[in-house]
Amino acid sequence: MRYRILGTTEVAGEQVNGDGLRALLAALLLEPGRPVSAERLREVVYGGEGAAPNALQSQISRLRKFVPVERVGPGYRVSVDPDDVDAHRFARLVTEGRRAGRTPEAVRLLGEALALWRGEALAGLPGLDGHRERLASLRAEALENRIEAELALKAEPARLVGELRTLVAADPLRERPRELLIRTLAATGGQVEALECYEDYRRLLAGRLGTSPSPELRALHVAVLRGEHAQRPLIAMPGPRRQVSSFVGRERELADLRALLREHRLVTLVGPGGSGKTRLAAEAVSGPLGERVCFVELAPAAGVRQAVLGALGGAFTPGDPVAILAGESLLLVLDNCEHLIEEAAALADRVLAGAPGVRVLATSREPLGLDGEVSLPLRPLALPAEGAALAEALDSPAVSLLMDRARAADPHFAATDAVVRICRALDGLPLAIELAAARLRALSAEDLAERLEERLGDRLDLLGSGLRGGQARHRTLRAVVAWSWELLSAGEQRLAARLSAFPSGASLKAAEQVCGATPGLLAALVDKSLVQADRGRYRMLETVRAFCAEHLGEDDVHAVRLAHAEYFAGMAVRAEPYLRNHRQAGTMAELAAEHDNLHAALRWAIAAGRPATALRITAGLWLYWWQRGLGQEAAQLTVAALELPGAEECGAHYVMSVLQVASAASPRAQIRPLLERAERLAEQLGPAPEYPLIQMVRPYLAVAESDYGAIVPSLLTATTSSQPWSRGFAHLLLAQVRLGGGNQVDQASEHLSSALTAFRLAGDGWGTAQALLQMAEIAGWRGEHARELDLTEEAMALTSVFGDAEDTVFVLAQRGSVKARAGDLDGAKADLERAAGLARSRKGPEVMAAATYVRAEVARLEGDGGRAAELYREALAGCGHTPWAGEEELRARVLIGLGQVAGDEGLFREAFDVLLRTLDMPAAAGAVEGMAGLALAGGAAERAATLLGAAGTLRGLPGTDAAGVEAETRRVLGDAAFSLAYRRGARMDREEIVVLMSAPRAGAVSPAAHR
């Protein structure tokens, strides 16, 4: 406190001396920020006596060393924060304490206010008598209010009686302290003394003032005579069930609940079964709330009134709880109100109205619905962020709880990624996690995670037992959900069962069309914690969904699944055009939110043998899957849909679905017959404006047939399309074909420039980013690393609007590689750590392999060959499971990197063979340059120069990554010999380069190379 006038006058701890200076300072501080006239100040300082005109000014000058004083018109003011003046802070705290009523918060506020007094305020300053009397009166009120609140909270009566006697002695005629003293004496067994206190006051008033006590005090006197204020102690009330296990994961909610209980008289903890409402309530009321607690467990009760009466004491069983509580001050906890919600709400309402000293904490799966109720929703425990490393995941509330309970049974239980999978599978539901921890006594974490993820319904039986303590409805997951289910009406049960068809939740529109939902029924399920509402979507916890799915009647199953599949098939078809224009980002977000629903609809349509529905989904999602990097997973589903009887009758949807499979690098033997059928069908269909990609059937078939001569002409035809997006896509593919064929960098750059223009015209940010990333790679080949980074950053900015899509891993990996080549290793590591985190959250091995590969590259550039080799091998392991687009190319790049750190020319040959087969000549050039480095190290400088020339031919540009090898080779050979050998390699065709790479020893040069 900077300015103190409630006692000695001080500024920042320095005492102000002199009555005149003290009076002047106090007068200004009592009006902070407001001007006080010079006339009023002279009256305060000089007591109304005359003073020389400059006397006040002299005092003001002296005062300015303590406080900033400003001249304002005919007066002065000090601009200070009122809360920095103890008198104003005191007044504010008293007002807040008055509003807080008879609560612990009121005791705290008033105690803080009274602690600001250090003696008599404004003593010896006659000009401020009015302020002094006002502050003294406010102090007396604060003291009385604090004592009254403490009495209501059953504080130590002996201490309060002593304080009240002091107040009565200080002002014998003041009635309120006398009334409080009489009440306290009567309530603590001193009825005779209370009556004597009243009689003394009556005689005092009659003798001094000729008056009688007020009607209220006379009524209190009669009540004391009748014994109505004698304390009737309650039989020992039950507190919450004593908890043995530690309290984990709800620290934030605990603080929130305790804050609400300090401020409100009715607080309801609302949440689904098993979310830990009872445990949180018990923990909250066991803490420092400063009052008595009556904890009423309603779960086993048949009625609320009888349960509350029993908790208050058997002697009062025939009575009314409200009458018993009317004179009490305590916290009444009504636990598990949901099955007696109407009765619990009615009793709580009566208690709040008839027992002003009582506050209510309720736990329920739905709010009580009373005026003044404050609800605290209790969600499942927070899960780790997607892609978080295990060390970080262990700090999340859900995983912390699982580890705590697992180690309680086995102190040596070790954390693995499986514990995170378990918590995710159980939605972070505390009871489910506790049951899972009990199962870990018999199952490994990996086995339990696998079984929880395999089938939705398994969890209800898998976690069927394990906790014998507590109530039966909390011993199994099935019992927890059944308790809530039985409280639903028939209509609510029917809707809940139908909503189980939505694995990723439903919008209002989807719920209405598929399930026949109404806003009212959905609101009822939300209120009863069966459904969670989040920004316009309605979602069930997986455990709840599993239970509700079991109750989807046989008559409903097919109809609901069919309606669900048709709804999302229509969504996929309607969304497809918007994935090619300026609405792309919003459409991607919409489809991503419905991802699980779309895939569930597709799987059902395949299983039900409905090709028309299935292929509408696969055709509509082609671009969505491509843009999110989900081609391989999608291709497996699409192939299954294409194999359904009658699939070819689906026209354009069939053709588009075949193209989706072809784009995912499926085995050539599988895709070629599909493309042949698709080509015949496309010719019959003619132009299909709803799917411009259909014109790409011929180029894709040419690739499948290894007819590279037909690829370019067919793509050139597509570049003449009237639709900008179609032109951009064709130019993008042409650029990739030109680059892959080798020695065509300039032509590829022209196609990329055209693709960039067309995609921007169409409003396709994703296509624009793909063109920019390819242009960035070419800039890197040319050694233009600043431009390479600029183009990559521009592409990242465009793709950032799509969120962390699966393909973001590859883009981050590319940017990390660019930064590493530019010498920014720290920036590269930051990108790669994020890419690795995202990759961990994805199931596909390809994304992890890509991120690991670039981490290996950074380690190699740092000179850590051992770590690089370890990472290269880890990336290689991710490239051999199932074929996916780019898998062979990435494997070859990994082999090249491993060859560089291991000095193994066999790895370069293997990579070179792979890249020739996949038509990726730029990458093949990297393998040739790697071999050149080994040749130079082995003393074959002439062979190294020839290999460098051959690499330049394959790429179309000299390799900047091999600049060091080239410089050393030139130094060893001399300029003339180097140039001769280099030109020899540059003149080689592809077959000759193959022979050169196949030479048995690093020092050997094939005969053909000497032509």
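Rules of the game
- Residues numbered from 1 in each chain as written.
- Predicted model: local features only at pLDDT ≥ 70, side-chain atom pairs only at ≥ 80, totals over all residues.
- Heavy atoms only, no water.
- Helix = DSSP H or I, 4+ residues; strand = E, 2+ residues; numbered from the N terminus.
- Buried < 20%, exposed > 50% of the residue type's maximum accessible area, 1.4 Å probe, protein only.
- Contact = heavy atoms within 4.5 Å.
- Areas by Shrake-Rupley, 256 points an atom, 1.4 Å probe, with all protein chains shown as cover.
- Phe/Tyr/Trp six-rings, centres within 6.5 Å; stacked < 30°, edge-to-face > 60°.
- Lys NZ or Arg CZ within 6 Å of the ring centre and 35° of its normal.
- Core = buried A, V, L, I, M, F, W, Y, C linked by side-chain atoms within 4.5 Å.
- Pairing = 2+ DSSP bridges.
- Patch = residues over 30% accessible without salt bridge, like charges linked within 9 Å, V, L, I, M, F, W, Y side chains within 5 Å.
- Salt bridge = Lys/Arg side-chain N within 4 Å of Asp/Glu carboxyl O.
- Lys, Arg positive; Asp, Glu negative; His and termini not counted.
- Charge placed at Lys NZ, Arg CZ, Asp CG, Glu CD.
- Axes fitted to C-alpha atoms, helices over the stretch in contact; angles between N-to-C directions.
- Parallel < 35°, antiparallel > 145°, perpendicular 65-115°, else oblique.
- Left-handed = near helix turned anticlockwise from the far one by under 90°.
- Nonpolar A, V, L, I, M, F, W, Y, C, P; charged D, E, K, R; others polar.
- Arc of directions from axis to C-beta.
- Polar contact = N/O pair within 3.5 Å; in protein donor to acceptor, adjacent residues only side chain to side chain.
- Right-handed = clockwise from strand over helix to strand, strands pointing away.
- pLDDT = per-residue confidence, 0-100.

Chemist: I keep staring at the overall build of the protein and nothing clicks. Help me out?
Modeler: When helices and strands are counted, the protein shows 51 helices and 14 strands. Classification of the 1011 residues of the protein by burial places 53% in the buried group. Partitioning the contacts of the protein with sequence separation of at least 6, the portion at a separation of at least 24 is 67%. Element-wise, carbon and sulfur atoms account for 51% of the exposed surface of the protein, whose accessible area totals about 42,500 Å².

Chemist: Honestly, the packing of aromatic side chains in this entry has me stumped. Any pointers?
Modeler: One pair of aromatic rings is described through two measures. These are the centre distance and the angle between the planes. In this structure the tally under the stated criterion is eleven aromatic pairs. Relative to Phe-547, the ring of Trp-485 lies with its centre 5.7 Å away and its plane at 65°, an arrangement referred to as edge-to-face. Placement of Trp-485 in helix H22 (residues 477–485) and of Phe-547 in helix H26 (residues 542–550) is noted, with a sequence separation of 62 residues between them. Ring plane angle 70° and centroid distance 6.1 Å describe the contact between Phe-502 and Phe-568, whose orientation is recorded as edge-to-face. With a gap of 66 residues between them, Phe-502 in the loop between helix H23 (490–499) and strand E12 (506–507) and Phe-568 in helix H27 (residues 554–575) connect regions that are remote in the sequence. The residues Phe-502 and Phe-568 share a single accessibility class, namely buried. An aromatic cluster is defined as three or more aromatic residues linked by ring pairs; in this entry it consists of Trp-622, Trp-626, Trp-725, Phe-729 and Phe-759. Its guanidinium or amino end placed over the ring of Tyr-578, Arg-583 lies 3.9 Å from that ring's centre, counting from NZ or CZ.

Chemist: Even after reading the chapter, I still don't get the nonpolar core, so can you show me in this structure?
Modeler: Considering soluble globular proteins, one finds that nonpolar side chains tend to be buried as a cluster. In terms of nonpolar packing, the biggest core is built from 158 residues, with Ile-422, Leu-499, Phe-502, Leu-693, Met-696, Tyr-700 and Phe-729 touching the most fellow members. Apart from residues no more than four positions distant in its own chain, Leu-693 is found in contact with Trp-622, Leu-623, Met-656, Leu-659, Trp-725 and Phe-729. Listed in part, the 66 residues of the second largest apolar core include Leu-21, Leu-143, Ala-194 and Leu-220.

Chemist: Can you walk me through the sheet that holds strand E13 (residues 532–534) in this structure?
Modeler: Taking strand neighbours across the sheet as the criterion, the three strands line up as E12-E14-E13 in an open arrangement whose pairing is antiparallel. Two strands in the sheet have a free side with no partner beyond their single neighbour: E12 and E13. As defined by bridge partners, E12 adjoins strand E14 (residues 537–539) across two bridges and the pair is classed as antiparallel. In the sheet register, Ser-507 faces E14, and the bridge partner there is Arg-537.

Chemist: What should I look at first to understand a negative patch on the surface in this one?
Modeler: Taken together, the side chains of Asp-417, Glu-446, Asp-447, Glu-450 and Glu-454 define an acidic patch exposed on the protein surface. The biggest single contributor to the negative patch is helix H20 (residues 445–454), with four residues.

Chemist: What is the right way to read the side chain of Glu-366 from this model?
Modeler: Mapping Glu-366 onto the fold places it in the loop between strand E10 (358–364) and strand E11 (374–377). Here Glu-366 occupies a buried position and makes no salt bridge, while the nearest side chain of opposite charge, Lys-528, is found at 4.7 Å. Apart from residues lying up to four places away in sequence, Glu-366 is in contact with Thr-268, Val-270, Ile-341, Asp-527 and Lys-528.

Chemist: What's the story with the packing of H27 against helix H29 (residues 595–607) in this structure? I'm lost.
Modeler: Any two packed helices are characterised by the angle at which their axes cross and by the distance between the axes. The geometry of H27 relative to H29 is characterised by a closest axis approach of 9 Å and an angle of 120° between their N-to-C directions. Compared by their axis directions, H27 and H29 come out oblique. Pair H27 / H29 crosses with left-handed handedness. Of H29, the residues touching H27 (which contributes His-558, Arg-561, Leu-562, His-564, Ala-565, Phe-568 and Ala-572) are Asn-597, Leu-598, Ala-600, Ala-601 and Trp-604. Split by residue class, the contact of H27 with H29 holds eight nonpolar, three polar and one charged.

Chemist: In this structure, what is going on with helix H51 (residues 990–997)? I would like to understand it.
Modeler: Think of an α-helix as turning once every 3.6 residues; residues three or four places apart then point the same way. Turning to H51, its buried residues are Glu-992, Ile-993, Leu-996 and Met-997. Taken down its axis, H51 places every buried residue within 140° of arc, on the same side. Looking at the buried side of H51, the elements it contacts are helix H46 (905–917), helix H47 (921–937) and helix H48 (941–955). Between the side-chain oxygen of the N-cap and the backbone nitrogen of Glu-991 there are 3.2 Å, and the N-cap of H51 in question is Asp-989.

Chemist: Can you help me understand helix H24 (residues 508–515) in this one?
Modeler: Within the span of H24, buried status applies to Ala-510, Ala-511, Val-514 and Cys-515. One side of H24 holds all its buried residues, which, seen down the axis, span an arc of 100°. If you follow the buried residues of H24, they end up packed against H23, E12, helix H25 (519–527) and H27. Note on H24: the residue one or two positions beyond its end, Gly-516, has a positive phi of about 70°.

Chemist: Just to check I follow, could you spell out the sheet that holds E11 for this structure?
Modeler: Strand-to-strand pairing in sheets goes through backbone hydrogen bonds, with the strands running parallel or antiparallel. A sheet is described by the order of its strands in space; here five strands give the open sequence E8-E9-E10-E7-E11, paired in parallel fashion. The two strands at the open ends of the sheet, each matched to only one other strand, are strand E8 (292–297) and E11. Each neighbouring strand pair of the sheet contributes to a mean axis angle of 15°, computed without reference to strand direction. As judged from the five bridges shared by strand E7 (residues 266–270) and E10, these two strands associate in the parallel manner. Within E10, the residue paired with Leu-266 across the bridge is Val-360. On the sheet, helix H13 (residues 304–312) packs against E8 and strand E9 (330–335) and is oriented at approximately 140° with respect to E8.

Chemist: I keep staring at the environment of Ala-924 and nothing clicks. Help me out?
Modeler: Mapping Ala-924 onto the fold places it in helix H47. Between the alpha carbons of Ala-924 and Gly-742 there is a distance of 9.3 Å; along the sequence they are 182 residues apart. Discounting chain neighbours no more than four positions away, the residues touching Ala-924 are Phe-912, Leu-915 and Leu-954.

Chemist: Hey, could you run me through the environment of Asp-920 in this one?
Modeler: Turning to its location among the elements, Asp-920 is positioned in the loop between H46 and H47. Separated by 184 residues in sequence, Asp-920 and Gln-736 have C-alpha atoms that sit 8.9 Å apart. With sequence-adjacent residues up to four places away left out, Asp-920 is seen in contact with Gly-740, Glu-889, Arg-893 and Leu-915.

Chemist: I keep staring at the pairing of E9 and nothing clicks. Help me out?
Modeler: The two faces of the sheet receive side chains in turn, since in a regular strand these alternate between them. Among the six residues of E9, six are classified as buried, and the element is accordingly described as predominantly covered. Along E9, one buried face is formed by Leu-330, Leu-332 and Leu-334 and the opposite face, lined by Leu-331, Val-333 and Asp-335, is buried too. Pairing between E8 and E9: six bridges, direction parallel. Paired with Glu-297 across the bridge in E9 is Asp-335. In terms of handedness, the path from E9 via helix H15 (residues 341–354) over to E10 forms a crossover that is right-handed.

Chemist: Hey, could you run me through unusual backbone geometry in this one?
Modeler: Outside of glycine, negative phi angles account for most residues, and trans bonds account for most peptide bonds. One non-glycine residue, Asn-336, lies in positive phi territory at about 65°. Relative to the helices and strands, Asn-336 resides in the loop between E9 and H15. Although it is not a glycine, Asp-427 sits at a positive phi angle of roughly 60°. Along the chain, Asp-427 turns up in the loop between helix H18 (417–425) and helix H19 (430–439). We classify Asp-427 as buried; its relative accessible area is 10%.

Chemist: How should I be thinking about the environment of Val-557 in this particular structure?
Modeler: In this fold, Val-557 is placed in helix H27. Among the residues examined, Val-557 registers a relative accessible area of 33% and is labelled partly exposed. Separated by 60 residues in the primary sequence, Val-557 and Ala-497 have C-alpha atoms spaced 9.4 Å apart.

Chemist: Before we go on, may I ask you to explain the packing of H29 against helix H30 (residues 611–620) in this structure?
Modeler: Taken N-terminus to C-terminus, the directions of H29 and H30 make an angle of 145°; their axes are 8 Å apart at the nearest point. The two elements H29 and H30 meet at a crossing, and its hand is left-handed. From H29, Leu-598, Ala-601, Leu-602, Ala-605 and Ile-606 reach across to H30, where they touch Thr-613, Ala-614, Ile-617 and Thr-618. In terms of residue class, the contact of H29 with H30 is made up of seven nonpolar, two polar and no charged.

Chemist: Is there a simple way to think about the confidence of the model for the protein in this case?
Modeler: Regions with low pLDDT carry predicted coordinates that are not meant to be interpreted in detail. Taken over all residues, the pLDDT of the protein has a mean of 83, while the share at 70 or more is 89%. Between the elements of the protein, mean pLDDT differs from a low of 67, seen in helix H21 (residues 458–462), to a high of 96, seen in H30. Here residues 1002–1011 scores under 50 on pLDDT; set against residues more than four positions off or in separate chains, the count is 19 contacts.

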